[in-house]
Amino acid sequence: MGFLIFVAVFLSIYFGAHYFLYRRVADGFSLSGSALDYARAFFIFASLAFIFDIFLRRQIFIHPVAWFGAVWVGTMSISFTVMVLKLPFDFLLPGRKKELTVSALILIAVVTGYSLYNDSRPPIVKELRIDMQNLPGELSGFTVVQLSDLQISRLDDVQRLESLVEIVNEQKPDLIVITGDILDEPVGKLSEFVNPFKKLSATHGVIAVPGNHEHYAEMDNFIKFARQTGITILNNQSTTVAGEIVIIGLDDPTGKSYDDAREILEPLLADGGKEKPVIFLSHRPYYFEQAAGLGVGLQLAGHTHCGQLPPFDLLVRFYYKYSHGLHQNGSSYIYTTCGSGSWGPPMRFSSRSEIVKIVLE
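Starting from 1, residues in each chain are numbered consecutively following that chain's sequence as written. Local features in this predicted model are restricted to residues whose pLDDT is 70 or higher, and side-chain atom pairs enter the listing and the counts only when it is 80 or higher, whereas totals over whole chains, interfaces and linings include all residues. The basis for every side-chain value is the complete set of non-hydrogen atoms in the structure, without hydrogens or water.

J.: I'm lost on the pattern of salt bridges in this one. Help?
T.: Working definition: two side chains of opposite charge can pair if their charged atoms are close together. Think of a salt bridge as a Lys or Arg side-chain nitrogen and an Asp or Glu carboxyl oxygen that are within 4 Å of each other. In the structure shown here, the tally under the stated rule is 12 salt bridges. One salt bridge connects Asp 252 with Arg 284, and the closest N-O pair in it is separated by 2.9 Å. Of the two residues, Asp 252 is situated in the loop between β7 (245–249) and α9 (262–270) and Arg 284 in the loop between β8 (278–281) and α10 (288–293); the sequence distance between them amounts to 32 residues. When its relative accessible area of 14% is taken as the criterion, Arg 284 is described as buried. One connected set of salt bridges, linked through shared partners, spans Arg 24, Lys 86 and Asp 90. Only DSSP runs of H or I reaching four residues or more are called helices, and only runs of E reaching two or more are called strands; each is numbered from the N terminus. Partly exposed residues are those whose accessible area sits between 20% and 50% of the maximum for their type, while under 20% is buried and over 50% is exposed, using a 1.4 Å probe and protein chains only.

J.: It is not clear to me how the environment of Ser 140 should be interpreted in this structure. Could you clarify?
T.: Within the secondary structure, Ser 140 is located in the loop between β1 (124–130) and β2 (142–147). C-alpha of Ser 140 to C-alpha of Leu 360: the two residues are 220 residues apart in sequence and 5.9 Å apart in space. Any pair of residues with heavy atoms lying within 4.5 Å of one another is described as a contacting pair. Residues within four places of Ser 140 in sequence aside, it is in contact with Leu 135, Leu 360 and Glu 361.

J.: What is the right way to look at the packing of helix α1 (residues 2–28) against helix α2 (residues 33–56) in this model?
T.: Two numbers describe a pair of packed helices, the interaxial angle and the distance between the axes. Comment: axis = line fitted to C-alpha atoms, over the contacting stretch for helices; angle = value between 0 and 180 degrees taken between N-to-C directions. Where α1 meets α2, the axes come as close as 10 Å, and the angle between the chain directions of the two elements is 155°. Here α1 lies roughly antiparallel to α2, going by the angle between them. Helix-helix and strand crossings are classified by hand; for α1 and α2 the assignment is right-handed. Contacts from Val 7, Phe 10, Leu 11, Tyr 14, Phe 15, His 18, Leu 21, Tyr 22, Val 25 and Ala 26 of α1 reach α2 at Leu 36, Ala 39, Arg 40, Phe 43, Ala 46, Ser 47, Leu 48, Phe 50, Ile 51 and Phe 55. Comment on the angle field: the value is read as roughly parallel under 35 degrees, roughly antiparallel over 145, roughly perpendicular from 65 to 115, and oblique elsewhere. For any pair of crossing helices, the crossing counts as left-handed if the nearer helix is rotated counterclockwise from the farther one by less than a right angle, and right-handed if it is rotated clockwise.

Set out below in structure tokens:
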């Protein structure tokens, strides 16, 4: 029932946004007759391309349709934002609707083109130096590379993933962590992406936690993928690396079996973690106050993508207290990455995919 309600709400908003755009274009150009019919047909086709791919991808995958549907959703998001911002000008300048509509479409085209280009660029390497409490002097300089939200699907390019792996390995990390959403589809359909992940190289291996998309694609797929690639999964578990650094991994709220993160954190910290440096991995940037109160030195998260496109790049800043970047609470830190890939539309506007290099001191 919950899923059906979600689908109903999503489709209502999705098709409602399309109708709004259709009306703004039709009214802006005063379309009638066959021109109006063509506009209506385009918006119907464009809206259904994404829906067709989402609901039928497991049975049939048509790459051009999937790519167009994904790009169209991004374009629609940008268009909706621009057309909403245009409304006051329509009210103030009622005799200039056509000129305003042309200007809006030009702006949409520019932002869309830039977003496609921006997402196609290699990820940047963002380096952070963290003053880590309880870190032994001999481990100063310990390097952690964080990846997140790769969202691997059949729309992705294997060569691009191989390039990302090369950049990661060039950092010579002591540890690689992936804070969820590695996969966006069942692993059986992503076999070509297994070998690049096998090439990830770090002194103490690769550790990952589940994201919401691991649950959507089914956890068995995630576990199978981890076994094939040598990734260690921490799901409400902890491990110790380099003999001193405690790594705690929490399940995503989509599949969580706890009401309060402290139910998981406190027992794991009590088992030797309170006297050691602790890195806490969670897919979403939740629980920071709880973790800081328990003495966790560093929390790493993702999930937000920094919104990727307008208006979501603004909305996530209102919804998430730690939507992106480094934040401090006493001697504890949280870093929320904007992600190493993109979900859905292969587009980014106000952020860029990143690999996070963290040097502990």
